[in-house]
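Commentary on secondary and tertiary structure
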Amino acid sequence: MNTKPVFSKSRNSMWQEDKSDIEAHSSTQFVYNAHHSLALDMQRKRLPTFKYKSHIIYLLEKYQTLVLIGETGCGKSTQLPQYLLEAGWCADGKMIGITEPRRVAATSLANRVADERSCILGTEVGYSIRFDNYTDETTKIKYMTEGILLRELMSDPLLTSYSVIVIDEVHERTLLTDIIMGLLKKIIRKRKSLRIVVCSATVDAEQLRDFFNINATKDSTKDTAVILSVEGRLYPVDIFFVKEPVANYVTSVVETALKIHENEEPGDILTFLTGLDEVDQAVSLLSEHAKLVKEGKLKLLPLAMYGSLPNSEQLKVFWRAAKDTRKVIVATNIAETSITIPNIVYVIDCGFVKIPWYEAETQTNSLVIVPVSKASADQRAGRAGRVRTGRTYRLYTEEVYSELFDATPPEMQRSDLAPAILQLKALGIDNVLRFNFPSAPPSKNLLTGLELLYALGAIDSNGELTTPLGMTMAEMPLEPVLAKSLIVSGEMGCSEELSTILAMLQVQNVFIRPVGGQAAIKARVAHRNFEVEEGDLLTLLNVYTAYDKNKTPSWCQKQFLNHKALRRATEIRTQMHSMMKRLDIQLVSCNGNVQQILKCITAGLFPKAAYLHYTGVYKTIRGNRDLYIHPNSCLYTLQQPQWLLFCEVLQTNKTYVKDITVIQPEWLLELAPHFYEKTSLDPI
């Protein structure tokens, strides 16, 4: 009997314990496979991409850049690299590189393709993400996060080890995607043999093609970029607008869904709302109505869909409903491009979307609800025309639609640019303002980014990268403020402690917090043993120090700590130590000198400072924004400290700060005199 040998993974990776890089309202790590019962080679042939195999190979022979448009789930991310490998693109020892915006995509796709090619992960097919590399010298297909490709560009500016670079999920237009596209445009001018494939799930292909087309003549036969669409069949969609604006879009979504259910023929409904609370509210309202459906009538099955739902719940959305039931899926804008749900005939669009927005004045991120763009509205409407002629109900007037922006601003235009500027400067691009971005960022954000890097000492007054500080910061896979703290820790004599704190900050859910009952009280008491009035970062240091002495799962269980997360923190800490050795940062311990550690944290995190206002809320020193201590912080129940530094801002109904450290205001003046100055308040 000839059975295929099953290989165990060479080593157990625990990157899942890292803080998530998934935005729950716009993306998910869940991948649905409609053909999972078939053999792998049969599954491959069922994918829409399979029919286009020869087209793809032909176009890449002829053109330098291919813009590939295809639905999520059409097989472009898994099949394309294999077609290229089979067509001989790796013949001379070169690799095919695929960049993904999120770690979970890079790892799960590499796992899947390794299965399809019957090889051990990390040999022919591998992946590389922050603090984790599963590749060797035989690797031909390499999945990686965008940050990894940027780091590789520092040592190999023309990407000579790759024959093809595939940029996946370009429709998300993340900050790094845009930077990589700008850099690749420079590279293909110099290196004609390199091929670029740009994969997107939306139809803004012309802009991408024109961006990569380096043909300066009017002769279209000399074009270097081309578009190929692997779209499924699209049926016509009738679009309806409301006559009068609606007062509350959540209740209007529910009312519209019920009207469709009563008056329209069978077919599932997909509704779009902005956030998790709204989705849950709509699902509970629809569930109440579902109970009132009379015998013999079509039943109603409301289901929620957002990125932070457990996979088992997300799976229900894809299952076919019973004959006598209509599904109503209430989703965030995750259902716009990240997933393709089968059997949708009706779409209800609330007309709004929640996106992260960076405020340059306060240097904080917040989630804002804004009207959708025309491109998003059309993408949502297209969801109704997958199985048969569909209908889309828009909860806004036609006038409002005509005034919408054409496209959602890409991340480049609404995020903190300091890390991006640092990377570009390290790649030798001195004039960041003149860099050819696919969409130019606002000058205010660029200025704020340059200001921050100057304050951190990464660039000098001429805007050039400082050596060694700026170069060292660019080489670290950490935020600039944290990188600065780590570099300074060597000189301040507390690098052991600081590397531990930063490793602990990279993982999520160190503390296990049971909900309610005796367990919750026991957990609170156990966690109190580690908590200190200096704040969360030193509490994390205490947790790790205690774990380092015990290291057993049973001890962690007793202390209500997450053993897996702590093991991952140990892995990251070891990686950090070897990185520090490479970058000549000496490893020293301050032997319990707490003030030295706090000062060292302040040396990097000073831009994220807040003070206690007399009204009882915290305010950022620059920009005066109201902030509140997060309930999970160890300082939540203590008397409010006067001054603090925070690592993260979390936006729900209030703006919360997490991972807090208590500091003295004079340290800000001592360690960042160019960023803060002391002013006395005038008497009123």
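Along every chain, residues carry numbers that run from 1 in the direction the sequence is written. The predicted origin of the model limits local features to residues at a pLDDT of at least 70 and limits the giving and counting of side-chain atom pairs to 80 or more, whereas totals for whole chains, interfaces and linings rest on all residues. Working from all heavy atoms in the structure, the side-chain values ignore hydrogens and water.

Under an unreviewed UniProt entry, the name given to the chain is RNA helicase, and the source organism is Habropoda laboriosa. UniProt positions are given in the numbering used here, feature names are shortened, and annotations may be inferred rather than shown by experiment. In UniProt, the chain has this text filed under Catalytic activity (unreviewed entry): "ATP + H2O = ADP + phosphate + H(+)". Listed under Sequence similarities (unreviewed entry) in UniProt, the entry text for the chain is "Belongs to the DEAD box helicase family. DEAH subfamily."

Quick word on the overall build of the chain
Numbering goes from the N terminus for both helices and strands, where a helix is a DSSP run of H or I of at least four residues and a strand is a run of E of at least two. Of regular secondary structure, the chain possesses 24 helices and 21 strands. Relative to the globule expectation of 26 Å for 684 residues, the C-alpha radius of gyration of the chain, 26 Å, shows essentially globular dimensions. Principal-axis analysis of the C-alpha atoms places the extent of the chain at approximately 70 × 65 × 65 Å. Relative to its full complement of 684 residues, the chain shows a buried share of 54%. Residues count as neighbours in contact if any of their non-hydrogen atoms are within 4.5 Å of one another. Looking at the chain alone, contacts between residues at least 24 apart form 74% of all its contacts between residues at least 6 apart. Only the protein chains shown count as cover for residues, with accessible areas throughout obtained via the Shrake-Rupley method and a probe of 1.4 Å. Carbon and sulfur atoms make up 52% of the accessible area of the chain, which amounts to about 31,700 Å² in all. Neither His nor the chain ends contribute to the count of charged residues, in which Lys and Arg are positive and Asp and Glu negative. Each charge is placed at NZ for Lys, CZ for Arg, CG for Asp and CD for Glu. Looking at the chain, you have 77 positive and 77 negative side-chain charges, and the mean spots of the two groups are 5 Å apart. Each radius of gyration reported is based on C-alpha atoms, and the globular scaling rule is 2.2 Å times the count of residues to the power 0.38. Here the term buried applies to any residue with accessible area under 20% of the maximum for its type, exposed to any over 50%, and partly exposed to those in between, with areas from a 1.4 Å probe on protein chains only.

Looking at a positive patch on the surface
Each patch is built from salt-bridge-free residues with over 30% relative accessible area, joining like charges within 9 Å and nonpolar side chains (Val, Leu, Ile, Met, Phe, Trp, Tyr) within 5 Å. Salt bridges are defined as contacts in which a side-chain nitrogen from Lys or Arg sits within 4 Å of a carboxyl oxygen from Asp or Glu. A cluster of like positive charges, contributed by K186, R189, K190 and K192, occupies part of the molecular surface. Secondary-structure assignment places K192 in the loop between helix 6 (175–190) and strand 7 (195–200).

Section: the pairing of strand 21 (residues 655–662)
The element strand 21 is extensively covered by neighbouring structure, given that 7 of its 8 residues are classed as buried. Note: strand 19 (residues 626–629) against strand 21, 2 bridges, orientation parallel. If you follow Y628 over to strand 21, its bridge partner there is Y656. Pairs of strands are assigned from DSSP output, requiring at least two bridges between the strands. Both strand 20 (residues 643–651) and strand 21 contribute to a ladder of 7 bridges, which runs antiparallel.

A short note on unusual backbone geometry
The residue after T467, namely P468, is reached through a cis peptide bond having omega 0°. Along the chain, P468 falls in the loop between helix 15 (443–456) and helix 16 (469–475). Although it is not a glycine, N591 sits at a positive phi angle of roughly 50°. With respect to the helices and strands, N591 occurs in the loop between helix 22 (563–582) and helix 23 (594–605). Residue N591 is classed as exposed on the basis of its relative accessible area, which comes to 69%. For D659, which is not a glycine, the phi torsion comes out positive at approximately 50°. Note that D659 resides in strand 21. Residue classification places D659 among the buried positions, given a relative accessible area of 14%.

With respect to the sheet that holds strand 7
Within the open sheet, the 8 strands sit side by side as 4-3-5-2-6-7-1-8. Their pairing is mixed. Each edge of the sheet is formed by a strand with only one pairing partner; in this case those strands are strand 4 (132–134) and strand 8 (225–229). On average, adjacent strands in this sheet sit at an angle of 20° to one another, irrespective of strand direction. Relative to strand 5 (residues 141–145), strand 3 (residues 125–129) is paired through 4 bridges, and the arrangement is parallel. Bridge pairing in strand 5 links Y127 to Y143. Its contacts with the sheet put helix 5 (residues 146–155) on strand 2 (95–100), strand 3, strand 5 and strand 6 (162–167), and the angle it makes with strand 5 is roughly 105°. Lines fitted to C-alpha atoms define the axes, with helix axes restricted to the stretch in contact, and inter-axis angles between N-to-C directions lie between 0 and 180 degrees.

A few points about the packing of aromatic side chains
Aromatic rings from Phe, Tyr and Trp, with only the six-membered ring used for Trp, were paired whenever their centres fell within 6.5 Å, and each pair was classed as stacked if the ring planes differed by under 30 degrees, edge-to-face if by over 60, and tilted otherwise. Across all of its chains, the model carries 11 aromatic pairs by this definition. Arranged with centres 6.3 Å apart and planes meeting at 75°, the rings of F530 and W555 form a pair that is edge-to-face. With F530 in the loop between helix 19 (517–528) and helix 20 (536–550) and W555 in helix 21 (residues 553–558), the pair connects residues that are 25 residues apart, well separated along the chain. One exposure class covers both F530 and W555, and it is buried. Both rings, one in Y611 and one in W643, keep their centres 5.8 Å apart while their planes meet at 40°; by these two values the pair is tilted. Within this pair, whereas Y611 is found in strand 17 (residues 609–612), its partner W643 is found in strand 20, the two being separated by 32 residues in sequence. Taken together through their ring pairs, the aromatic side chains of F241, Y396 and Y401 make up a single cluster. In our convention, an over-ring charge means Lys NZ or Arg CZ found within 6 Å of a ring centre and within 35 degrees of that ring's normal. If you follow K185 out to its NZ or CZ, it ends over the ring of F211, 4.4 Å from the centre.

Some words on the domain arrangement of the chain
Structurally, the chain comprises domain 1 (40–229), domain 2 (237–411), domain 3 (416–471), domain 4 (472–599) and domain 5 (601–672). The straight-line distance from the C-alpha centre of domain 1 to that of domain 5 is 42 Å. Each domain's extent is set by a domain assignment, obtained either automatically or from a database.

A short note on helix 10 (residues 311–318)
Within the span of helix 10, buried status applies to Q314, V317 and F318. All buried residues of helix 10 lie within an arc of 100° about the axis, which places them on one face of the element. Taken together, the buried residues of helix 10 touch strand 11 (299–305) and strand 12 (325–331). By arc we mean the arc of the directions from the helix axis to the C-beta atoms, nothing more.

A word on the pattern of salt bridges
A complete count under the given rule lists 24 salt bridges for this structure. In this structure, D132 engages R568 in a salt bridge whose closest nitrogen and oxygen atoms are separated by 3.8 Å. On the criterion of sequence distance, the pair formed by D132 in strand 4 and R568 in helix 22 is long-range, its members being 436 residues apart. Note on D132: relative accessible area 8%, which makes it buried.

Observations concerning helix 19
For helix 19, with 12 residues, the first-to-last C-alpha span of 18 Å sits near the 16 Å given by 1.5 Å per residue. Of all the residues in helix 19, the buried ones are A520, A523, A526 and H527. Seen along its axis, helix 19 keeps its buried residues to an arc of 125°; they face one direction. Residues of helix 19 that are exposed and point more than 90 degrees away from the buried face comprise Q518 and K522. Contact partners of the buried residues in helix 19: helix 21. For a helix, the expected span equals 1.5 Å multiplied by the residue count minus one.

Side note on the pairing of strand 17
Sheet topology note: the strand 17/strand 20 ladder contains 3 bridges and is antiparallel. Within strand 20, the residue paired with A609 across the bridge is L645. Here strand 17 pairs with strand 18 (residues 618–620) via 3 bridges, running antiparallel. Note that in strand 18 the partner of A610 across the bridge is T620.

Comments concerning the state of the cysteines
In a disulfide, the sulfur atoms of two cysteines are held together by a covalent bond. We call a pair of cysteine sulfur atoms a disulfide whenever their separation is within 2.5 Å. Enumeration over the complete set of coordinates arrives at 0 disulfides. For the unlinked cysteine C119, the closest cysteine sulfur is that of C90, found at 12 Å. On the basis of relative accessible area, C119 is assigned to the buried category, the value being 16%. In this structure C600 is a free cysteine whose sulfur lies 3.8 Å from that of C494, the closest cysteine sulfur available.

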